[in-house]
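# Close look at the chain arrangement
Here's the letter readout for the chains.
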Amino acid sequence: MRHFPLFLDLHGRTVAVIGGGEVALRKVRALLEAGARVTVVASELHPALAAECTDVLSLENGSLTTGSVQYVQAQVSVDVQALMVASWFQEAWFIVAATDDTAVNAAVAAAGDRAHKFVNVVDDAAHCSAIVPAIIDRSPLLVAVSTGGTAPMLARRVRRDVELLLDAGLGRLAQFFARWRSRVTAMVPMPSQRRVLYDQWMDGEVARLVRDGREDAADAALAASLEPARVSSGQARSSSGHVTLVGAGPGGAGLLTLAGLQALQSADVILVDRLVSAEVRAMARRDALQIEVGKEGGGHSVTQEEIHRLLVHHATQGLHVVRLKGGDPFIFGRGGEELLCLRAAGIRYSVVPGVTAALACAAQAGLPLTHRNVARSIRFATAHCRGSADDTDWASLAAETDTLVLYMAVAQCARVQRELLVRGRAGSTPVAIIENGGRPEQRVVLTVLNQLTTAVREQAVCAPALLVIGEVAAMAGELHWFGAAPVLYPSQPIMQSISA
Ligand code: SAH
């Protein structure tokens, strides 16, 4: 190991930054965030750095304190002896050389070595006695990544990857456990027993409650699990499970949210809809049991009641169950029914939104759902009414909305066309039919309302597909950017450009 990793407490300690340019400015800001008193030594200052060189407010432990940047206007010497007697040099605990003059940087490094002070020379590993890592900041949790100055680009990539793995709630979690630490140590003196407990808390309900912003409940859960009988029997893990409804988005893993990814990676059991792509399913924890509950060939392979039973069954075993749905769980996804069932069973739940088909299809087809002077309102509706009378309010669908997005409507397109026309929507209203939106095989057919049924038939549109009805639909003709260009039906240019 070429470098010894170390975290410095710079609060109230002086750090000298040599150089007055943009690189120096970045370093000054980072040092101020760590509470350092900064002395900038340079012959002249970048204007933004000059602005910083007054008293600066910095946030420390949640309260505002005055940090400071002091400016020493000087031509920095390349004479090591002269450097060592300068008062700014003598006062500094740590020195950052951020000039583009290699002779100055080398002299500062040499002076640091002679005076036993650590020096970081920006982008010059050979002259550094201290290097600065890339960091992932979830204060008080801090992850530092370094390649020993040899490959900063690689460190940045690793940093990005780790950044994705560590959710933003970890800082809060660290603070929560810091608050409990001495009490836990007093009550459970044996380190091995404590380790088991902490693992159980972090994998279980306590951490979930903290993440969901319910620290009071987390305190209660942790306190309950500290009862001596439960600790000694190893039963500290809360027995109540948890269900997370996760919106998987339209297909590609890129449109899954980070929160969705994290839920998938901590799941014990995953109940998956058919609309969820293999790509998203592959992101789940390897050990998780995946159960397919999707609809096959138009029929329900697993009834909604059976899904409810499975959710309750697995959660009451104390497991983390993820209910993974295409798009967003609360948009034509029966998410509400599932939560009502969980609530009735007294099972805790949380919801991670997903990119719903309307948003994904519109973005990927190049079709803005609202557009100045063209569309100011959107309506998401479905024309699907399995097993119930058609109580769709066609009059309001035809009248009120600028952009009408219809889910599960392709099989009903004849009725959609007829009802909207009867209620006065113009036959020339543009319609975009988006099949497999957001997936590599995406297909967009652009037509007009009085041609909708013929277009669906002639183009053999398949599920899943979405209808976007309204003037904005025509814009996909011009703005498309993803996959194959839209098919115009009929093929002559039927739509005028409205982007002008
Ligand atoms: N909860 C989902 C919708 C489920 S209903 C969401 O928020 O997206 C299923 C309907 O969604 C399909 O019939 C289709 O109309 C639409 N849909 C879902 N994914 C789609 C996709 N990739 N492309 C086009 N339409 C899609």
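What counts and what doesn't
- Residues numbered from 1 in each chain as written.
- Predicted model: local features only at pLDDT ≥ 70, side-chain atom pairs only at ≥ 80, totals over all residues.
- Heavy atoms only, no water.
- Helix = DSSP H or I, 4+ residues; strand = E, 2+ residues; numbered from the N terminus.
- Pairing = 2+ DSSP bridges.
- Axes fitted to C-alpha atoms, helices over the stretch in contact; angles between N-to-C directions.
- Buried < 20%, exposed > 50% of the residue type's maximum accessible area, 1.4 Å probe, protein only.
- Near = heavy atom within 4 Å.
- Polar contact = N/O pair within 3.5 Å; in protein donor to acceptor, adjacent residues only side chain to side chain.
- Areas by Shrake-Rupley, 256 points an atom, 1.4 Å probe, with all protein chains shown as cover.
- Nonpolar A, V, L, I, M, F, W, Y, C, P; charged D, E, K, R; others polar.
- Domains from an automatic or database assignment.

### A short note on unusual backbone geometry
- With an omega dihedral of 5°, the bond running from Ser139 to Pro140 counts as a cis peptide bond.
- Its location among the elements puts Pro140 in the loop between strand S7 (134–138) and strand S8 (141–145).
- In this chain, Tyr489 is followed by Pro490 through a cis amide linkage whose omega measures -5°.
- Unlike most non-glycine residues, His116 shows phi in positive territory, near 60°.
- The topology assignment puts His116 in the loop between helix H5 (102–115) and strand S6 (118–121).
- A positive phi angle, close to 45°, is found at Phe332, a residue other than glycine.

### Concerning the sheet that holds strand S14 (residues 320–325)
- Taken in spatial order, the 5 strands of this open sheet run S11-S10-S14-S9-S15, and their pairing is parallel. Looking at the sheet topology across the chains shown, the edges are occupied by strand S11 (289–292) and strand S15 (348–352). Strand-to-strand twist across the sheet, computed as the mean angle between neighbouring axes with direction ignored, equals 20°.
- Examined bridge by bridge, strand S10 (residues 269–272) and S14 share 4 bridges and lie parallel to one another. Across the sheet, Leu271 pairs through a bridge with Arg323, a residue of S14.

### Here we look at the pairing of S14
- Here S14 lies mainly inside the structure; 6 of its 6 residues are buried.
- Alternating positions in S14 separate into two faces, His320, Val322 and Leu324 on one and Val321, Arg323 and Lys325 on the other, with burial throughout.
- Across 6 bridges, the pairing between strand S9 (residues 242–247) and S14 is parallel. When the sheet's bridge partners are listed, Val243 is paired in S14 with Val321.

### Points about the site of the ligand
- Around the ligand lies a shell of 19 residues, among which Asp328, Ile331, Thr356, Gly437 and Ala465 are the nearest.
- For the ligand, an oxygen atom lies 2.8 Å from a polar atom in the backbone of Ala357.
- Within the contact set of the ligand, an oxygen atom lies 2.9 Å away from a backbone nitrogen or oxygen of Met408.
- Burial of the ligand by the protein chains amounts to 91% of its free accessible area of 550 Å².
- Of all elements in the fold, only helix H16 (357–365) and strand S20 (465–469) reach the threshold of two or more residues within the shell around the ligand.
- Looking at the shell around the ligand, its residues break down into 12 nonpolar, 5 polar and 2 charged.
- Two domains each put at least three residues into the shell around the ligand: domain 3 (242–355) and domain 4 (359–488).

### Describing the domain arrangement of the chain
- Segmenting the chain into domains produces domain 1 (14–132), domain 2 (170–233), domain 3 (242–355) and domain 4 (359–488).
- If you average the C-alpha positions of domain 1 and of domain 4, the two centres end up 60 Å apart.

### So, the environment of Cys341
- With respect to the secondary-structure elements, Cys341 resides in helix H15 (residues 335–344).
- Owing to a relative accessible area of 18%, Cys341 belongs among the buried residues under this scheme.
- Sequence-wise, Cys341 and Leu311 are 30 residues apart; in three dimensions their C-alpha atoms are separated by 9.1 Å.

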